[in-house]
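# Overview (structure and organization)
Here's the letter readout for the chains.
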Amino acid sequence: LNVGKNNGLQPEMGIVNTQGIVGFTRDISSHYATVMSAMNTNFRIPVKPKNDSCIGTLMWLDSDAINEMTVKGIPTYFNLKTGDTLITQGGSGIFPEGQMVGIVSKILKQQGSNNHILKINTFVDFYAINRVFVIKNLYKEELDSLQKSTHL
């Protein structure tokens, strides 16, 4: 990005466009910032169906195509359907709850567990990203501090 610390950017600020989530900021200089795209195998955030309370982990696997992602960790007793909309859960501190993620295209059962594996088509077309918005969570430091203290 052609904005950096001088514009108030910090690491782990959410990046979105008008369609949905794109990634988050990583390294920041005075005038520039790098972004970890959602299309990165190190990207992980909590997501949920728009009309349900179950939470899974959104990730991009090497086997996923561009504009396709995987969600793991949602128990099979939740009644999910292809065509369901997934949104951010909000617990990461990077994205607020309700940012658009994608549409469920395939539902599989994870071998050796009672969890779904969801394949989703992203709302964002990662071949055609032009303009983005940066999300600043005014309470991220407080949330990070609280989460760190509970993991000790």
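See the structure printed just above.
Residues numbered from 1 in each chain as written. Predicted model: local features only at pLDDT ≥ 70, side-chain atom pairs only at ≥ 80, totals over all residues. Heavy atoms only, no water.

### Structural notes on the overall build of the protein
Helix and strand counts for the protein come out as 1 helix and 10 strands. Along its sequence from the N terminus, the protein presents helices and strands in the succession β-β-β-β-β-β-β-β-β-β-α. Taken over C-alpha atoms, the radius of gyration comes to 16 Å for the protein, in line with the 15 Å a tight globule of 152 residues would show. Referenced to the eigenvectors of the C-alpha coordinate spread, the extents of the protein come out at roughly 45 × 40 × 25 Å. Taking all 152 residues of the protein together, 38% fall into the buried category. Contacts in the protein between residues far apart in sequence, at least 24 positions, make up 54% of those at least 6 positions apart. (Helix = DSSP H or I, 4+ residues; strand = E, 2+ residues; numbered from the N terminus. Rg over C-alpha atoms; globule rule 2.2 N^0.38 Å. Buried < 20%, exposed > 50% of the residue type's maximum accessible area, 1.4 Å probe, protein only. Contact = heavy atoms within 4.5 Å.)

### Quick word on the sheet that holds strand E3 (residues 33-37)
The 4 strands are arranged E3-E2-E1-E10 in an open sheet whose pairing can be described as antiparallel. A strand with exactly one partner marks an edge of an open sheet, and here the two such strands are E3 and strand E10 (133-135). The sheet shows a mean angle of 40 degrees between the axes of neighbouring strands, direction not considered. Bridge analysis of strand E1 (residues 14-16) against strand E2 (residues 21-28) gives 3 bridges, and the strand direction is antiparallel. What sits directly across from Gly-14, in E2, is Phe-24. (Pairing = 2+ DSSP bridges. Axes fitted to C-alpha atoms, helices over the stretch in contact; angles between N-to-C directions.)

### What to know about the nonpolar core
If you look at the biggest cluster of nonpolar residues, it comprises 29 residues, and the most contacted ones within it are Phe-43, Leu-58 and Ile-120. Within the residue set of this core, elements represented by two or more residues are E1, E2, strand E4 (44-49), strand E6 (68-75), strand E8 (100-109) and strand E9 (115-122). Other than its neighbours up to four places away in sequence, Leu-58 contacts Ile-21, Phe-43, Arg-44, Ile-45, Val-47, Met-69, Thr-70, Val-71, Val-101 and Ile-120. (Core = buried A, V, L, I, M, F, W, Y, C linked by side-chain atoms within 4.5 Å.)

### Let's talk about a nonpolar patch on the surface
Nonpolar side chains collect at one region of the surface, where Leu-1, Val-35 and Val-134 lie side by side and expose about 180 Å² of accessible area between them. Of note, Leu-1 is situated in the segment before E1. (Patch = residues over 30% accessible without salt bridge, like charges linked within 9 Å, V, L, I, M, F, W, Y side chains within 5 Å. Areas by Shrake-Rupley, 256 points an atom, 1.4 Å probe, with all protein chains shown as cover. Salt bridge = Lys/Arg side-chain N within 4 Å of Asp/Glu carboxyl O.)

### Here we look at unusual backbone geometry
With a phi angle near 65 degrees, Glu-12 is a residue other than glycine that sits in the positive phi range. In this structure, Glu-12 sits in the segment before E1.

### A word on the side chain of Thr-85
Tracing the chain through its elements places Thr-85 in strand E7 (residues 85-88). The class for Thr-85 is buried, based on a relative accessible area of 19%.

### Here's the deal with the pattern of salt bridges
Counted under the stated rule, the structure contains 3 salt bridges. With a closest N to O distance of 2.5 Å, Glu-97 and Lys-48 form a salt bridge. Of this pair, Glu-97 sits in the loop between E7 and E8 while Lys-48 sits in strand E4; the two residues are 49 residues apart in sequence, bridging distant segments of the chain. Residue class for Glu-97 comes out exposed when judged on its relative accessible area of 51%. Among the ionic pairs, Asp-84 bridges to Lys-81, the shortest N-O distance being 3.9 Å. What makes Asp-84 buried here is its relative accessible area of 17%.

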